[in-house]
Amino acid sequence: MRRTMVMKTMLVLAAGTLLAGKALAQGAEWPNKPIKIVVGFAPGTPPDIFARMYGDYAGKKLGVPVVIDNRPGTAGNLASDAVAKAAPDGYTFVYNLSTAFTINPFIYSKLPFDPDKDLVPVATTMRQGLVLIATNKFPAKTVKDLVAAAKAKPGTYSHASYGAGSPSQLIVESLKDEVGIDMLHVPYRASPIADLVGGQVDTLMEPIATGYQLISSGKVQALAYSGPTRHPALPDVPTLSEVMPGFSMMSWHGIWAPAATPQPILTRFNALLVEASKDPDLSRRIRELHSEPLGVTRTEMAAMVRRDADIYSRVVKARNIKVD
């Protein structure tokens, strides 16, 4: 009896060793064919531009082509779904905005995949804050002025957004709740910038990569920045945390993989992408777009998702925001 138990134990250990060895082999042999990165947005958009930057770097270092496959639709859900259902062999990844995991699960009543179970974090790439911009006709020159004006005339002033549930809406909703003001939300299917410049809407929370050009050209004025500290390109623009102590929200991008992808591959790809974020040339190109390279561990990336999801989900529930 004891001999039988010993034999069973040896077989279990042998099987475990075999599986561990197979996983290590997968990591060592990977990659030996082209890697596909599915991007949840159209060619020429910021996610596509940054995905190609990192894809080119990875391809050169790994010695295989990295192919960008654009699949825009439903705020990145289409791309995430495609990769969630892809073979977990280390050759298919999704490049998406963090909001695909921190906002979408709360504003869509049903997703065709489980973002918590079907996909796993691989690496972050970059981040940027958003800047609250206003038409030049707007009477407020700072966010404190905005709060005072909105309290004096509740419901009179408007804030545009890139649609219900977008960061451009939710960050302003957080401000409204925190300081107790009433502003009209005007969601857009496309860009609200033309109407903002023309004075049809009063304010907009815009990513700094695109907002900076509008501010520097004098087409709009900047009221506040959403990052934890003032942006070096806009040193005179206060942060939202100067009105809401401790508040900061950054828009960031990352790469995810099918959940069963071998750990050695995930570890190796993370290390390579963290290295890319530290590369002087790539870092310079990202900073020229007023963004910040961001390379963290997979554990830190998962923690970032949880933090942002906690903040955004509370706003979504409080405002009962749904898009379907």
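Going along each chain's sequence as written, the residues are numbered from 1 onward. Under the rules for a predicted model, residues below a pLDDT of 70 receive no local features and side-chain atom pairs below 80 are neither given nor counted, while totals for whole chains, interfaces and linings still include all residues. Water and hydrogen atoms play no part in the side-chain values, which are based on all heavy atoms of the structure.

(A) Molecular detail of the environment of Gly211. Numbering of helices and strands starts at the N terminus; helices are DSSP runs of H or I of at least 4 residues and strands are runs of E of at least 2. Here Gly211 is to be found in helix α9 (residues 208-216). It is 22 Å that separates the C-alpha atoms of Gly211 and Leu282, two residues lying 71 residues apart in sequence.

(B) Examining the side chain of Lys176 more closely. Structurally, the position occupied by Lys176 is in helix α7 (residues 167-179). Polar contact is defined as a pair of N or O atoms within 3.5 Å, subject to the rule that within protein one atom must be able to donate a hydrogen and the other to accept it, and that residues adjacent in sequence are counted only when both atoms are side-chain atoms. There is a polar contact of 3.2 Å between the side chain of Lys176 and the side chain of Glu173. In what follows, a contact means two residues having at least one pair of non-hydrogen atoms within 4.5 Å. In contact with Lys176, not counting residues within four places along its chain, are His159, Ile181, Met183 and Arg319.

(C) Quick peek at α9. Partly exposed describes any residue whose relative accessible area lies between the buried limit of under 20% and the exposed limit of over 50%, with all areas from a 1.4 Å probe on protein chains only and scaled to the type maximum. Within the sequence span of α9, burial applies to Ile208, Gly211, Leu214 and Ile215. For α9, the buried positions fall inside an angular range of 120° around the axis, keeping them on one side. Once α9 ends, the next one or two residues include Gly218, with phi positive near 85°. The arc under discussion is defined with respect to the helix axis, by the directions toward the C-beta atoms.

(D) Quick peek at the environment of Val120. Residue position: Val120 is located in strand β4 (residues 119-135). For Val120, a relative accessible area of 17% puts it in the buried group. Sequence separation between Val120 and Trp256 is 136 residues; the distance between their C-alpha atoms is 5.4 Å. Other than its neighbours up to four places away in sequence, Val120 contacts Trp256, Ala257, Pro258, Ala259, Leu266 and Arg298.

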